[in-house]
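As a plain string of letters, each chain reads:
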Amino acid sequence: MAAEATITEESLRAALIERLKATHVEIQDMSGGCGQAFTSLIVSPEFAGKNSLRRHRLVNAALRDEIARIHAWSAKCQTPDEYAREMAATGGEDRPPLDGTEDGKVAGVSG
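How each quantity is defined
- Residues numbered from 1 in each chain as written.
- Predicted model: local features only at pLDDT ≥ 70, side-chain atom pairs only at ≥ 80, totals over all residues.
- Heavy atoms only, no water.
- Helix = DSSP H or I, 4+ residues; strand = E, 2+ residues; numbered from the N terminus.
- Buried < 20%, exposed > 50% of the residue type's maximum accessible area, 1.4 Å probe, protein only.
- Contact = heavy atoms within 4.5 Å.
- Areas by Shrake-Rupley, 256 points an atom, 1.4 Å probe, with all protein chains shown as cover.
- Salt bridge = Lys/Arg side-chain N within 4 Å of Asp/Glu carboxyl O.
- Arc of directions from axis to C-beta.
- Axes fitted to C-alpha atoms, helices over the stretch in contact; angles between N-to-C directions.
- Parallel < 35°, antiparallel > 145°, perpendicular 65-115°, else oblique.
- Left-handed = near helix turned anticlockwise from the far one by under 90°.
- Nonpolar A, V, L, I, M, F, W, Y, C, P; charged D, E, K, R; others polar.
- Polar contact = N/O pair within 3.5 Å; in protein donor to acceptor, adjacent residues only side chain to side chain.

**Some thoughts on the overall build of the protein chain**
A tally of helices and strands in the protein chain yields four helices and five strands. Across the protein chain, helices and strands are ordered from the amino to the carboxyl terminus as α-β-β-α-α-β-α-β-β. Evaluated residue by residue, the protein chain yields a buried proportion of 34% over its 111 residues. Considering only contacts in the protein chain between residues 6 or more positions apart, those separated by 24 or more positions represent 60%. Carbon together with sulfur atoms contributes 50% to the accessible area of the protein chain, which is approximately 6,600 Å² in total.

The following block contains the structure:
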């Protein structure tokens, strides 16, 4: 049996770009580098006309194998138009959600 590749920010980013035609993806590993907890901001035209639940289901289906191998996953899903409006409103400070973290890491995790 071959060892499975480690899940990384870059592997998740590449999968989302390929599978969802994402135009902008930000991934942050909140696990201290062990690849078990990630938060993300995903911008894709595939989200147009879909509510939040359908967007998240689309992401979960696209990353089914990856999500099954990690402990925690959160995603903020936006269309390109929504992302452009939010960037304009926040002065470019839009980032993946970091709720429940300390300095972008899950509490109690070193690294």
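**Points about the pattern of salt bridges**
This model, assessed by the stated rule, comprises six salt bridges. Here Glu46 makes a salt bridge to Lys21, at a shortest N to O gap of 3.7 Å. Of this pair, Glu46 sits in the loop between β2 (37–43) and α2 (52–62) while Lys21 sits in the loop between α1 (9–20) and β1 (24–29), and the two are 25 residues apart along the sequence. Of the residues examined, Glu46 reaches a relative accessible area of 30% and is grouped as partly exposed.

**A short note on α2**
Helical periodicity: at 3.6 residues per turn, an α-helix aligns residues three or four positions apart in one direction. When α2 is considered as a whole, its buried residues turn out to be Arg55, Val59 and Ala62. Axial view of α2: buried residues confined to an arc of 65°, hence all on one face. α2 presents Arg54, Arg57 and Ala61 as exposed residues on the side facing more than 90 degrees away from its buried surface.

**Overview of the packing of α1 against α2**
Look at α1 against α2: their axes get within 10 Å of each other, and the N-to-C directions meet at 110°. What the angle tells us is that α1 and α2 run roughly perpendicular. Judged by the twist between their axes, the crossing of α1 over α2 is right-handed. Packed against α1, whose contacting residues are Leu16, Arg19 and Leu20, the element α2 presents Leu58, Val59 and Ala62 at the interface. A breakdown of the residues in the contact of α1 with α2 according to their chemical character gives five nonpolar, no polar and one charged.

**Let's talk about the side chain of Asp29**
Counting through the fold element by element, Asp29 comes out in strand β1. Here Ser31 takes part through its side chain, which lies 2.4 Å from a polar atom of the side chain of Asp29.

The quantities given are spatial measurements derived from coordinates; they are silent on function.
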